[in-house]
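Reading the structure
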Amino acid sequence: MLGIARRKVGLGVFSATILEQALQRALTAGSVLPKKYSTTAKEQMTVREALNTALDEEMSADPKVFLMGEEVGEYQGAYKISKGLLEKYGPDRVLDTPITEAGFAGIGVGAAYYGLRPVVEFMTFNFSMQAIDHLINSAAKSNYMSAGQISVPIVFRGPNGAAAGVGAQHSQCFAAWYAHVPGLKVLTPYSAEDARGLLKAAIRDPDPVVFLENELLYGESFPVSAEVFDSSFCLPIGKAKIEREGKHVTITAYSKMVGYALQAAEILSKEGISAEVINLRSIRPLDRDAINASVRKTNRLVTVEEGFPQHGVGAEICMSVIEESFEYLDAPVERIAGADVPMPYAANLERMAVPQVDDIVRAAKRACYRSVPMAAAA
Amino acid sequence: MAAAAAARRLPAASLRQHRPLLLRPFASSSGDQQPITVETSVPFTGHKIEPPSRSVETTPSELLTFFRDMSLMRRMEIAADSLYKSKLIRGFCHLYDGQEAVAVGLEASITKKDAIITAYRDHCIYLARGGNLVEAFAELMGRRAGCSKGKGGSMHFYKKESGFFGGHGIVGAQVPLGCGLAFAQKYIKEGTVTFALYGDGAANQGQLFEALNISALWDLPAILICENNHYGMGTAEWRAAKSPAYYKRGDYVPGLKVDGMDVLAVKQACKFAKEYALKNGPLILEMDTYRYHGHSMSDPGSTYRTRDEISGVRQERDPIERVRKLILSNDIASANELKNIEKEVRKEVDDAIAQAKESPMPDPSDLFTNVYVKGFGVEAFGADRKEVKAVLP
């Protein structure tokens with residue numbers, strides 16, 4: 001019980017309620033809880049609150065920022081991310097659109113051409129495929145084709161990747177697709193601090209940003225330092241965060257998988273393997289320096305992602321390490337990714353289609369030559 | 001040089017800094033401003049709207065300006081044809097000759113604060129918006145002096161400061177973008193409008209209807225102009241559209257059908273459209289026009305059309321000839337004076353080409369410029385990243 005209470009808040013598997021219950025039990029067991037693990041609301045923030053306050057503050061600071069998407073206004077947001085914004089800023093700045101992604105994404109980009117700063121919400125990034133031409137050909141490439149005349153200060157945001165039980169058409173991770181394209185920036189927040197700082201950075205950024213959130217993280221609560229609450233708080237784009245320092249193996253992850261990687265690191269530490277967990281935060285630009293510096297220290301790498309494996313983010317990270325730090329590798333790079341199948345519905349199959357903590361632990365052990373060796377071919 | 005010849009007719013005050021190739025109406029004598037009323041070739045046809053009158057007010061100087069501007073555009077496109085055939089222009093080259101009246105009539109009805117966006121047949125719209133002839137040819141030839149510094153090519157001309165937002169290669173994409181420009185104009189409360197141009201081929205695109213729906217719901221000052229030249233690449237309109245009455249396709253959005261070969265009709269319709277859109281939201285204008293060239297330089301344009309049809313339009317409906325007849329019948333200028341204008345224009349184009357040819361190709365370092373506005377010092381790589389890489393500022 002105490003072990004659970006001591007762990008950092010906000011791991012993917014435990015919902016806030018379970019953690020609260022655990023803490024309650026620990027508290028009633030007789031003040032065994034160290035003082036620093038306070039649960040006062042001021043120091044905790046959910047990802048949802050982080051995104052909502054970031055939007056609010058950026059809209060307040062710059063009248064050119066506006067929000068557009070399905071159900072963002074009167075419904076308060078499909079996932080309540082934009083709660084209260086319509087009431088505060090009015091229907092001229094918080095716009096409910098019809099279910100026409102190609103149309104409203106194009107309108108958003110056109111508004112950005114003219115100098116406004118649109119935030120376009122896709123209810124999930126699966127629906128962004130309806131509009132993908134505007135993200136790529138109208139937004140990403142315009143500054144280049146016009147030699148700097150037409151810049152596109154737009155943010156496309158929304159949940160990305162697998163949720164729970166939503167099936168094949170609603171579960172794809174688009175990080176690799178969008179990060180493929182020069183001219184786009186692709187951000188993948190994990191914690192509340194990430195969500196707040198990166199969304200603010202994205203809205204202030206003069207280039208098109210694809211902001212990939214995660215539905216299952218919206219309700220997750222994270223501890224945040226006081227500076228995160230400041231309205232000028234911002235995180236740099238293109239910089240990863242070392243979530244946990246380690247010596248023996250580097251684990252890279254983004255979004256929800258960061259939580260899983262942290263859990264894996266905890267399990268590995270009990271077996272004497274010290275894993276360094278890197279929260280990528282930014283898929284494009286990718287923080288190659290941070291990744292390579294870490295691998296040069298640990299000499300082993302496991303890449304973790306939720307999306308399909310072929311041509312994925314892990315493939316790019318592996319190649320980057322081979323190009324820049326080959327001599328430092330003591331083992332082949334390991335890659336953990338979603339299964340190479342459309343997302344099934346049945347719970348057991350779904351569990352197999354998405355990386356689990358065990359998968360990360362196993363891969364890390366393989367990288368450390370601690371797993372059962374494979375039988376040599378006859 | 002052409003500038004000297006133009007200066008003779010033009011008072012110094014109206015020569016702007018960058019010597020626009022399309023000159024504002026001459027103002028040398030009061031006779032030039034004497035209003036003339038001309039009837040459009042055919043009356044306008046309205047869809048859910050009362051069409052404007054077919055009597056158009058113009059002046060001698062405006063007609064002369066129209067003549068000159070359209071002749072310049074015509075010359076530019078024909079010169080581009082030669083440059084393409086001599087391989088100085090590569091890739092795609094979609095020519096506008098025959099459609100000049102739309103570009104010129106539209107420009108005459110609006111200001112540079114209004115916005116225009118179009119597809120890839122954009123050279124003449126660029127010019128009409130105050131674009132520079134040398135920069136146009138340099139861009140076509142992929143040179144440093146090009147309006148997009150050689151990075152865009154034929155389909156990606158822009159002139160943001162005078163409200164021209166490109167130049168787009170994806171058929172139909174420019175329509176939602178144009179509605180977005182109109183959204184911004186309304187948001188900023190500028191009292192300006194956006195004209196989004198598209199062809200009969202693009203008229204069937206779903207995103208057009210999505211954008212039109214939103215524009216109508218939100219009362220955006222967006223005017224959609226269908227430049228119906230009757231062929232979407234090689235496909236005649238009746239083979240692509242169940243209903244080729246494009247001015248009616250807006251359904252709940254009113255529309256107007258206009259003779260796109262009559263520059264005065266175009267001007268009247270666009271003026272009407274701007275007033276309408278500022279008060280009521282979107283409107284569709286269908287310009288009945290024609291392109292003499294094929295879809296692009298790779299298309300002879302005669303496998304799906306008869307040569308008789310093409311020469312028929314040239315004889316009966318050519319926009320420049322129409323204005324020439326108006327000028328002559330109203331005694332505004334003599335046939336010789338008009339021939340001289342054409343000679344001047346020809347020389348202007350030739351000089352511009354010569355100047356453009358002198359511009360070098362972009363510096364190799366330009367491969368990596370303008371990928372981002374803010375590159376954060378990130379590295380970008382060439383084909384062999386160990387050989388070629390750059391830091392994005």
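The name an unreviewed UniProt entry assigns to chain B is Pyruvate dehydrogenase E1 component subunit alpha, from the organism Canna indica. Under the Catalytic activity (unreviewed entry) heading, UniProt states for chain B: "N(6)-[(R)-lipoyl]-L-lysyl-[protein] + pyruvate + H(+) = N(6)-[(R)-S(8)-acetyldihydrolipoyl]-L-lysyl-[protein] + CO2". According to the UniProt record, the Subunit (unreviewed entry) comment for chain B is "Tetramer of 2 alpha and 2 beta subunits."

With an unreviewed UniProt entry as reference, chain A is termed Pyruvate dehydrogenase E1 component subunit beta, source organism Canna indica. Per UniProt, the comment on chain A under Cofactor (unreviewed entry) is "thiamine diphosphate". UniProt, in the comment section headed Catalytic activity (unreviewed entry), describes chain A in these words: "N(6)-[(R)-lipoyl]-L-lysyl-[protein] + pyruvate + H(+) = N(6)-[(R)-S(8)-acetyldihydrolipoyl]-L-lysyl-[protein] + CO2".

1. Re the overall build of chain B
For chain B, the count of helices and strands is 12 helices and 12 strands. On C-alpha atoms alone, chain B measures out to a radius of gyration of 21 Å, which is about the 21 Å that the 2.2 N^0.38 rule sets for 393 residues. In terms of its C-alpha atoms, chain B occupies a principal-axis envelope of roughly 70 × 50 × 45 Å. Within the structure as shown, chain B displays about 16200 Å² of accessible surface, and the carbon and sulfur contribution to it stands at 53%. One way to put it: in chain B the 51 positive side-chain charges average out to a point 3 Å from where the 47 negative ones average out.

2. A short note on the sheet that holds strand β4 (residues 115-117) of chain B
Residues and elements named next belong to chain B. Strand order across the open sheet formed by 6 strands is β2-β9-β10-β6-β5-β4, with mixed pairing between neighbours. Each edge of the open sheet carries a strand with a single partner, namely β2 (45-47) and β4. The average undirected angle you get between the axes of adjacent strands in this sheet is 20°. Pairing between strand β6 (residues 222-228) and strand β10 (residues 283-288): 6 bridges, direction parallel. In the strand pairing of β10, glutamate 227 is matched with methionine 287.

3. Digging into the pairing of strand β10 (residues 249-253) of chain A
Residues and elements named next belong to chain A. Judged by how many residues are buried, β10 sits mostly within the fold: 5 of 5 residues are covered. Both faces of β10 are covered, namely the face carrying Val249, Ile251 and Ala253 and the face carrying Thr250 and Thr252. Where β10 and strand β11 (residues 275-279) come together, 5 bridges link them in parallel fashion. By the bridge assignment for β11, valine 249 is matched with alanine 275. Between the parallel elements β10 and β11, the chain passes through helix α10 (residues 256-270) in a crossover that is right-handed. Sheet topology places β10 next to strand β13 (residues 301-304); 3 bridges connect them, and they run parallel.

4. Some thoughts on the UniProt feature "domain: Transketolase-like pyrimidine-binding" (unreviewed entry) in chain A
On the UniProt side, "domain: Transketolase-like pyrimidine-binding" (unreviewed entry) is annotated at positions that read residues 45-220 of chain A here. The straight-line gap between the two end C-alpha atoms of residues 45-220 of chain A is 8 Å; of that span, 37% is helix and 16% is strand.

5. A look at the sheet that holds strand β3 (residues 94-96) of chain A
Residue and element names in this part refer to chain A. Read across the sheet, 7 strands follow the order β3-β2-β4-β5-β7-β6-β12 without closing on themselves; strand pairing throughout is mixed. Every interior strand has two partners, whereas the edge strands, β3 and β12 (282-284), have only one. When the angles between neighbouring strand axes are averaged without regard to direction, this sheet yields 20°. Pairing analysis gives 3 bridges linking strand β6 (residues 185-187) to strand β7 (residues 209-213), with the strands arranged parallel. Following the sheet pairing, lysine 185 is matched in β7 by valine 209. Helix α5 (residues 101-114) contacts β2 (65-69), β4 (117-121) and β5 (155-159) of the sheet and is inclined by roughly 165° relative to β4. Across the sheet, helix α9 (residues 192-204) touches β2, β4, β5, β6 and β7, and the angle it forms with β7 is around 160°.

6. Some remarks on the interface of chain B and chain A
Contact residues are listed per partner, giving 49 residues for chain B and 51 residues for chain A. Interface of chain B and chain A: buried area, both sides summed, is about 4100 Å²; carbon and sulfur atoms make up 65% of it. Per-residue buried area on chain B facing chain A is highest for Tyr158, Tyr187 and Tyr372 of chain B; these three make up 16% of the total on that side. Across the chain B-chain A interface, the total number found is 1 salt bridge. For glutamate 323 of chain A, the salt bridge identified is with arginine 385 of chain B, shortest N-O distance 3.0 Å. Elements that contribute at least two residues to the side of chain B that touches chain A include exactly β4, α6 (174-187), α7 (206-217) and β11 (378-381) of chain B. Here the side of chain B that touches chain A takes 9 residues from α6 of chain B, the largest share from any one element. Residue composition of the side of chain B that touches chain A, grouped by class: 26 nonpolar, 11 polar and 12 charged.

7. Observations regarding the pattern of salt bridges
Inspection of every chain in the model, using the stated rule, returns 41 salt bridges over all chains. Aspartate 81 of chain B is the partner of lysine 85 of chain B in a salt bridge, and the nearest nitrogen-oxygen pair spans 2.9 Å. One end of the pair, lysine 85 of chain B, and the other, aspartate 81 of chain B, are both in helix α2 (residues 60-85), 4 residues apart, so they sit about a helical turn from each other. Overall, lysine 85 of chain B belongs to the exposed group, its relative accessible area being 60%. Under the relative-accessibility criterion, aspartate 81 of chain B is labelled buried at 11%. One continuous salt-bridge network, built from bridges that share partners, spans Glu57, Glu58, Arg196, Lys200 and Arg204 of chain A.

Cut-offs applied
Residues numbered from 1 in each chain as written. Chains lettered and ligands numbered in written order. Predicted model: local features only at pLDDT ≥ 70, side-chain atom pairs only at ≥ 80, totals over all residues. Heavy atoms only, no water. UniProt positions renumbered as here; feature names shortened; annotations may be inferred. Helix = DSSP H or I, 4+ residues; strand = E, 2+ residues; numbered from the N terminus. Rg over C-alpha atoms; globule rule 2.2 N^0.38 Å. Areas by Shrake-Rupley, 256 points an atom, 1.4 Å probe, with all protein chains shown as cover. Lys, Arg positive; Asp, Glu negative; His and termini not counted. Charge placed at Lys NZ, Arg CZ, Asp CG, Glu CD. Pairing = 2+ DSSP bridges. Axes fitted to C-alpha atoms, helices over the stretch in contact; angles between N-to-C directions. Buried < 20%, exposed > 50% of the residue type's maximum accessible area, 1.4 Å probe, protein only. Right-handed = clockwise from strand over helix to strand, strands pointing away. Contact = heavy atoms within 4.5 Å. Buried area = accessible area lost by both parts, 1.4 Å probe. Salt bridge = Lys/Arg side-chain N within 4 Å of Asp/Glu carboxyl O. Nonpolar A, V, L, I, M, F, W, Y, C, P; charged D, E, K, R; others polar.

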